[in-house]
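Spelled out, the chains give:
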Amino acid sequence: MVLYTNVGLHISGGTAGSVIANRLTENPNFRVLVLEAGPSNQGVLDIESPGLDFNLENSPFDWNFTTVPQAGLLNRPLAYPRGHVLGGSSSINGMFYTRGSSDDYDRWAAVTGDDGWSWSNILPFILKNEHFTTPADDHSTVGQFDPVFHNFHGVNFVSLPGFAEPLDDKMIQTSKDLKEFPFNLDMNSGTPLGLGWLQSTIGNGTRSSAATSYLGPQFINRPNLDVVLNTLISRVLPSRNGNNPDLRTIQFKSGTDKTLRSVTAQKELILSLGSIGTPHILLNSGIGDEEELKKVGVPPILNLPSVGKNLTDQPDIFLSWLANLTATQENSTAVLNLWLETRTGPLANGAVNQVAWTRVPETSSIFKDFVDPSAGLHTPHFEFEGSPRPLSSSQSTIGLGLAVVTPASRGSVSLDTNDPFDAPLIDPAFLTDEVDIFIMKEAIASAQRFFEGPAWKDIIIQPQFADALESDEALEHFIRFGAGTTAHPVGTAAMSPKGAQFGVVDPDLLLKGATGLRVVDASIMPFVTCGHTQAPTYAIAERAADLIKKKWS
């Protein structure tokens, strides 16, 4: 196979990578080669139908990673889903479209010294990504979002829920009854606090991923864009060693051919393998903490101790309540046929119609001894995913998912061996910081108060975790035993000020201490945003594409 590039070599057709490939090849003088580890997303029912996304974990379209045993979770290892398919995790995620708070981006700007990452300056790139559209059921969305904060002509579809759930009215009524959960017309305005209607990357009743939007047929067939699937990267190779190595060459193997080949970019190499894949490749290339690399037999070429550090993810837990409700068992064949024929019905929708965001009070005792991990007063500490539906006709229960969205715990991605095709060691270090346990306890108390609202008087009977509420120790054990991951890893190749002795990339996302290599994905976030990470990742990629085009045009 002859692989070539006249301008840019791009690694991974994931969420951010697809954006880069699209935007750079808008210029016919740029030629881009994309090497993607996974297969095509096309024709995969579980990817296309929003309501079947639960089938994608532990499938051929998932890397099927497992974390190391989690000290904060009673030494339990966790499955750690990441997209192994064109479009990356945008092809297998829950499709939540939540931008985070304005505070999040302003904090990025402050810690990097680059005002280009501030809310006001990143918002145009957020909007550039978005194609807000009507929901699958075509219902009136007046009063469910604020059009001022949206773009109706972008690339990636975003819509409001397209299938009504039986408890939607109860959720919205609670926002009127309880001051703790005020109604928020649009959580993507930069101030997400409150309860509102979820926006998702769904268009025409179908998942809208980076692959279907940025690498749709009208783009992937450009003559100056080559996309090669089923291709595994081993490492980056230096074309010049020394104090400032040049890193434009990648080594890889493709398909069933075990032969290692290499290709070199004329202008720059762009890594977009995500918060697990990017540090894994850098470490295997000898870029990281030189002492740690030597211990696993990898010759260091660039001492960047921050590579793989600062892994930040949002822990979650699922709660259920006994309820006076009866779930109707839908005919699964009829539901599937409805979606196949019309792209409507339950399978045209994700699992959630509303989301609530709130904060731990500033006067809480925990903040006397610990720093508030949130980016500011407009930023929530935790989220719960609403529109609870009856879970079982036999048990008559309803459920709610909670997540700590501004965690203080920090983990790492490291090497287990010096074989680049072995899985890395993934340690999110969930709930190892006392602040995170405190916030999760507060979130559970908040969820209890939510269901004590008058709207639920004749529905909620009791929590099915009542034993956990008998003592603080019992509650902590319940959390550590039951908590899992939202699968929102960030921060493992974090940006920092230009010239800083910490961090992995400069604010322009070029690798520190080298030439020729740029990182564009969620790994560059110095802090996780207070929501789901898909929308911020798109924005990062849009800004990065703009920076690259300006440099080389």
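Residue positions are given per chain, counted from 1 along the sequence in the order it is written. Restriction of local features to residues with pLDDT of at least 70 applies here, the model being predicted, together with a cutoff of 80 or more for giving and counting side-chain atom pairs; totals for whole chains, interfaces and linings are based on all residues. For side-chain calculations, the full set of non-hydrogen atoms in the structure is used, while hydrogens and water are omitted.

Novice: How would you explain the nonpolar core if you had to name every residue and give the values?
Specialist: Soluble, globular proteins show a tendency: their nonpolar side chains are buried together. Ranked by internal contacts, the top residues of the largest apolar core, which has 124 residues, are Ile250, Trp456 and Leu511. The biggest single contributor to this core is helix 11 (residues 434-451), with 10 residues. Buried residues of nine kinds, namely Ala, Val, Leu, Ile, Met, Phe, Trp, Tyr and Cys, make up a nonpolar core once their side-chain atoms join them within 4.5 Å. Note on exposure labels: buried denotes an accessible area under 20% of the residue type's maximum, exposed denotes more than 50%, and partly exposed covers the range between, all computed with a 1.4 Å probe on protein chains only. Listed in part, the nine residues of the second largest apolar core include Leu198, Val355, Trp357 and Val405. The numbering of helices and of strands both runs from the N terminus, where a helix is a DSSP run of H or I of at least 4 residues and a strand a run of E of at least 2.

Novice: Break down the packing of helix 3 (residues 102-112) against helix 4 (residues 119-129) for me, citing the residues and quoting the values.
Specialist: When two helices pack together, their arrangement is given by the angle between the helix axes and by the axis-to-axis distance. Axis separation between helix 3 and helix 4 bottoms out at 9 Å; the angle between their running directions is 115 degrees. Comparing their axes, helix 4 and helix 3 come out roughly perpendicular. Counting all contacts with helix 3, which are made through Ser102, Tyr105 and Asp106, the residues of helix 4 involved are Trp119, Ile122 and Ile126. Only Asp, Glu, Lys and Arg are considered charged, only Ala, Val, Leu, Ile, Met, Phe, Trp, Tyr, Cys and Pro nonpolar, and every remaining residue, Gly among them, polar. Tallied by class, residues from the contact of helix 3 with helix 4 come to four nonpolar, one polar and one charged. For every element, the axis is a line fit to its C-alpha atoms; helices are fit only across the contacting stretch, and the angle between N-to-C directions ranges from 0 to 180 degrees. Just so you know how the angles are binned, under 35 degrees is roughly parallel, over 145 roughly antiparallel, 65 to 115 roughly perpendicular, and the rest oblique. Two residues form a contact once any of their heavy atoms are found within 4.5 Å.

Novice: Requested: an account of the sheet that holds strand 17 (residues 309-311), with residues and values cited.
Specialist: Pairing between the strands of a sheet is mediated by backbone hydrogen bonds and can be parallel or antiparallel. Pairing between strands requires that DSSP locate at least two bridges from one strand to the other. Within the open sheet, the three strands sit side by side as 17-22-23. Their pairing is antiparallel. Here the strands that pair on one side only, and so sit at the sheet edges, are strand 17 and strand 23 (425-427). Going across the sheet, the axis of each strand differs from the next one's by a mean of 35 degrees, ignoring polarity. Bridge analysis of strand 22 (residues 411-414) against strand 23 gives three bridges, and the strand direction is antiparallel. Counterpart to Val413 in the pairing with strand 23 is Ile426.

Novice: Please give an account of helix 5 (residues 168-177) that cites residues and values.
Specialist: Within the sequence span of helix 5, burial applies to Asp168, Met171, Ile172, Thr174 and Ser175. The buried residues of helix 5 occupy an angular sector of 150 degrees when projected down its axis, which confines them to one face. Seen from the buried face of helix 5, the exposed residues on the opposite side, beyond 90 degrees, are Asp169 and Lys176. If you follow the buried residues of helix 5, they end up packed against strand 7 (194-197), strand 19 (354-358) and helix 11. To be clear, the arc concerns the directions from the helix axis to the C-beta atoms.

Novice: An account of the sheet that holds strand 11 (residues 231-237) is requested, with residue identities and associated values reported.
Specialist: What the three strands build is an open sheet, ordered 11-12-13; its pairing is antiparallel. The two strands at the open ends of the sheet, each matched to only one other strand, are strand 11 and strand 13 (261-264). Across the sheet, the axes of successive neighbouring strands diverge by a mean angle of 30 degrees, strand direction being ignored. The sheet contact formed by strand 11 and strand 12 (residues 249-254) spans six bridges and is antiparallel. Among the inter-strand pairings, Leu237 is bridged to a residue of strand 12, identified as Thr249.

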